[in-house]
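Read off the chains here:
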Amino acid sequence: DLHLHPHVALLPSAGMGHLTPFLRLAASLVHQKCRVTVLTIHPSVSHAESQLISRFFSAFPQVTQMHFPLLPVDPSTAKSEDPFWLQRDAIRRSAYLLSPLLSTLSPPLSALIYDEFLVSPLIPISTSLSLPGYTFFTSSARMCCLFASLSTSVADKINSGSYRLSDHLEIQVTPPIPVSSIPPLFMNPNSILGTILKEDSREVIKSNGILINTFEMLEQDSLDALNKGRVRKGLPPVYAIGPLEPCEFEIGERGLPLKWLNDQPAGSVVYVSFGSRTASIMEQIREIGHGLVGSGYRFIWVVKTKEVDRDEEEELHEVLGHELMQKIQGKGLVVKHWVDQSEILGHKAVGGFLSHSGWNSSMEAAYHGVRMLAWPQHGDQKINAEVVEMSGLGLWVRSWGWGHEVVVKGEEIGERIKEMMESESSSLLRVEAAHVGEEARKAVGVCGSSETTLKELIQEWND
Ligand code: BUP
């Protein structure tokens, strides 16, 4: 019955931080009895993306996979060396190819959901097909407040350099966003990312709605600010539908990390990862290693030396060096490949998470109620770290700055890990993080705020 089963097409952009929440959303829509089509691009930038795509379609044979053939990547228009940005630029330039593709789908589509980095090219597509179009914003609602303000005078002030680092932005959100938290790329008026986001910020009001992977209890004020016109007049409704639940299809072979965790006491292990896109420099990696050893805690640590997983060549011992390898023996597990992060965070042996506070990682920590030590590396991560800190989910050491700014010494890292894991404040942190976890489960549970919101949205497509 077509009427009861709306057909929704999803278009993620490049990178695991975008693909993962899109596929989790696809899975939720399937569970809510929607028909789903996912647009995919070959080749994907990273190996992790292509693996996840193939696992997803094996798990959900009822979902239609639609191949989206792109115009070739063109470094001269993308003006970037970041392979993920090159791919996003190619998607944007190829968007016009989508109308004929999408119009062939049967049954006809009821809605189109596209990534936050594809807003302006996709709006004319949904309009030409008379389809309601939705932006899926894969970062925090707080970050969305900044994004939605990039087409206002706030952005002009950012670009003209008229703010001091100690100022706060004139965005009506509590607490106000410090200028020092703005993604560094936004500060450069010539950056392609800045230009694109400004254009998308202007156009996003033409979307029928904005979906965000967050939940009311976590980001009440930002969601209110967005929905009540405090950030910008004319914004479409913002739907908090998170935390999108980690799914079975994401899990590869249950490898060594999980076996190893089974032998560790409850809450004793620190999990360390800076996400799928942050390559750390050798010097910082070694300091982190010394910090972990010095903390006295057991750990699982994901080391990345290249932005794209396909480029990782060096062996672990070349990166860490002989001495550190020796010290680590018996204390922790270091890997240089993809791990099932959500499974790890959900394991009872894991007690804390040293993280770049990428939004997906933060939401996974929230979902599992695991306390965090946030160390923002770039992009939206300081703004996310503010959310983590405010909610009680974790700590953030502001003096560490952006990951690439200073090399933080191992001793300091070790001290802060201890602070997260064992000090008096950590028992408060543990309680607060567990509380966030309970609220997260409630939000996506039966009749929870996010579950209800998603159902209402689907109902709109039926009307
Ligand atoms: Br690395 C790594 N295993 O080994 P974020 C990451 N992840 O499951 P990012 C693994 O990738 P953006 C690994 O659980 C999360 O779902 C992790 O997304 C998973 O950060 C995702 O946290 C990473 O948003 O993306 O990768 O920096 O730049 O888009 O924020």
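Fair warning: this is a prediction, and the values are worked out from it, not measured in the lab.

Asker: How do you make sense of the overall build of the protein chain when you look at a structure like this?
Answerer: Of regular secondary structure, the protein chain possesses 21 helices and 13 strands. Against the globule reference of 23 Å for 463 residues, the protein chain gives a C-alpha radius of gyration of 21 Å, in line with a compact fold. Each of the three principal axes of the protein chain carries a C-alpha extent, and together these read 60 × 50 × 45 Å. Of the contacts formed within the protein chain by residues at least 6 apart in sequence, a portion of 74% connects residues at least 24 apart. With an accessible surface of roughly 18700 Å², the protein chain has 53% of that area assigned to carbon and sulfur atoms. Between the averaged position of the 40 positive side-chain charges in the protein chain and that of its 54 negative side-chain charges there is a distance of 1 Å.

Asker: Which parts of the structure should I look at to understand helix 21 (residues 449-462)?
Answerer: Over its 14 residues, helix 21 runs 20 Å from end to end, which matches the ideal 20 Å to within 8%, given 1.5 Å per residue. For helix 21, the complete set of buried residues consists of S450, E451, T453, L454, L457, I458, W461 and N462.

Asker: What is the right way to read the sheet that holds strand 5 (residues 133-137) from this model?
Answerer: Sheet strands pair via backbone hydrogen bonds, and the direction of the pair is either parallel or antiparallel. The sheet built from 7 strands is open, its strands ordered 3-2-1-4-5-6-7 with parallel pairing. Edge strands, defined here as strands with exactly one partner in the open sheet, are strand 3 (64-67) and strand 7 (238-240). Sheet twist, expressed as the mean angle between neighbouring strand axes with direction ignored, is 25 degrees. Both strand 5 and strand 6 (residues 209-212) contribute to a ladder of 4 bridges, which runs parallel. Along strand 6, the bridge assignment pairs F136 with L211.

Asker: Could you clarify how one ought to interpret the site of the ligand in this entry?
Answerer: In the region of the ligand, 16 residues are neighbours, and S276, V339, N360, S361 and E364 sit closest. Contact distances for the ligand include 2.5 Å between a nitrogen atom and a backbone N or O atom of V339. Between the ligand and H356, the relevant distance is 2.9 Å, taken from an oxygen atom to a side-chain nitrogen or oxygen of the residue. Here the ligand has 630 Å² of accessible area as a free molecule, and 93% of this is covered by the chains.

Asker: Could you clarify how one ought to interpret the packing of aromatic side chains in this entry?
Answerer: What characterises a pair of aromatic rings is the spacing of the ring centres plus the angle enclosed by the ring planes. Tallied over the entire structure, the rule returns 12 aromatic pairs. Ring geometry for F60 and F249: centres 6.0 Å apart, planes at 75 degrees, overall edge-to-face. Separated by 189 residues along the polypeptide, F60 in the loop between helix 2 (47-59) and strand 3 and F249 in the loop between strand 7 and helix 12 (256-262) bring together distant segments of the chain. Both residues of the pair, F60 and F249, belong to the buried class. Each residue in the set F56, F57, F60 and F249 is aromatic and connected to the rest through ring pairs, giving one cluster. A cation over a ring is seen here: R88 above W85, with NZ or CZ 5.0 Å from the ring centre.

Asker: Would you mind going over the packing of helix 1 (residues 16-31) against helix 2 with me for this structure?
Answerer: Helix-helix packing is characterised by the crossing angle of the two axes and by the distance between the axes. For the pair helix 1 and helix 2, the least separation of the axes is 10 Å and the interaxial angle reads 10 degrees. The pairing of helix 1 with helix 2 is recorded here as roughly parallel in orientation. Facing helix 1, whose interface residues are M16, L19, T20, L23, A26 and A27, helix 2 presents A48, E49, L52, I53 and F56. Classifying every residue of the contact of helix 1 with helix 2 gives 9 nonpolar, 1 polar and 1 charged.

Asker: Would you mind going over helix 19 (residues 410-421) with me for this structure?
Answerer: Residues that lie three or four places apart on an α-helix share one face, since the helix turns once every 3.6 residues. Spanning 12 residues, helix 19 covers 16 Å between terminal C-alpha atoms, matching the ideal 16 Å at 1.5 Å per step. Those residues of helix 19 not exposed but buried are G410, I413, G414, I417, M420 and M421. Along the long axis of helix 19, the arc covered by the buried residues comes to 120 degrees, so they all point the same way.

Asker: What should I look at first to understand the pattern of salt bridges in this one?
Answerer: Between side chains of opposite charge, a pair can form as their charged atoms come close. Considering all chains together, one arrives at 22 salt bridges under this definition. Between D82 and R277 there is a salt bridge, and its shortest N-O distance comes to 3.4 Å. With a gap of 195 residues between them, D82 in the loop between helix 3 (75-78) and helix 4 (83-94) and R277 in the loop between strand 8 (269-273) and helix 13 (282-295) connect regions that are remote in the sequence. With relative accessibility at 21%, the residue R277 sits in the partly exposed group. The shortest N-O distance in the salt bridge between R93 and D89 comes to 3.1 Å. Pair noted here: R93 and D89 are both in helix 4, with a separation of 4 residues, about one helical turn.

What counts as what
Here the residue index of a chain counts from 1 through its sequence in written order. Whole-chain, interface and lining totals are the exception, using all residues; otherwise, since this is a predicted model, local features are given only for residues with pLDDT of at least 70 and side-chain atom pairs are given and counted only at 80 or more. No hydrogens and no water enter the side-chain calculation; it runs on all heavy atoms of the structure. Helix and strand assignments come from DSSP, with helices taken as H or I runs of at least 4 residues and strands as E runs of at least 2, each series counted from the N terminus. C-alpha atoms define the radius of gyration in this analysis, and the globule rule sets the expected value at 2.2 Å times the number of residues to the power 0.38. Contacts between residues were defined by any pair of non-hydrogen atoms, one from each residue, lying within 4.5 Å. Only the protein chains shown count as cover for residues, and all accessible areas are computed by the Shrake-Rupley method using a 1.4 Å probe. Counted as positive: Lys and Arg. Counted as negative: Asp and Glu. His and the chain ends are not counted at all. Charge coordinates come from a single atom per side chain, which is NZ of Lys, CZ of Arg, CG of Asp or CD of Glu. To estimate how far a helix should reach, multiply one less than its number of residues by 1.5 Å. Burial status follows relative accessibility: with a 1.4 Å probe on protein chains alone, a residue under 20% of its type maximum counts as buried, one over 50% as exposed, and anything between as partly exposed. Should DSSP find at least two bridges between two strands, the strands are regarded as paired. Every axis corresponds to a line fitted to the C-alpha atoms, with the helix fit spanning only the stretch in contact, and the corresponding angles, defined between N-to-C directions, vary from 0 to 180 degrees. Throughout, the term near means that a residue has one or more heavy atoms lying within 4 Å of the molecule or strand in question. Residues adjacent in sequence count toward polar contacts only when both atoms are side-chain atoms; beyond that, a polar contact is any pair of N or O atoms within 3.5 Å, and within protein one must be able to donate a hydrogen and the other to accept it. A pair of aromatic rings is counted whenever rings of Phe, Tyr or Trp (Trp by its six-membered ring) have centres within 6.5 Å, and the orientation is called stacked for planes under 30 degrees apart, edge-to-face for over 60 and tilted otherwise. Consider the ring centre and the ring normal. A charge sits over the ring if Lys NZ or Arg CZ is within 6 Å of that centre and within 35 degrees of that normal. The labels follow the angle: roughly parallel below 35 degrees, roughly antiparallel above 145, roughly perpendicular from 65 to 115, and oblique for the rest. Amino acid classes used here: Ala, Val, Leu, Ile, Met, Phe, Trp, Tyr, Cys and Pro are nonpolar; Asp, Glu, Lys and Arg are charged; the rest, including Gly, are polar. The directions from the helix axis to the C-beta atoms form the arc being described. We count a salt bridge whenever a side-chain nitrogen from Lys or Arg sits within 4 Å of a carboxyl oxygen from Asp or Glu.

Don't take any of this as a statement about function, it's just geometry.
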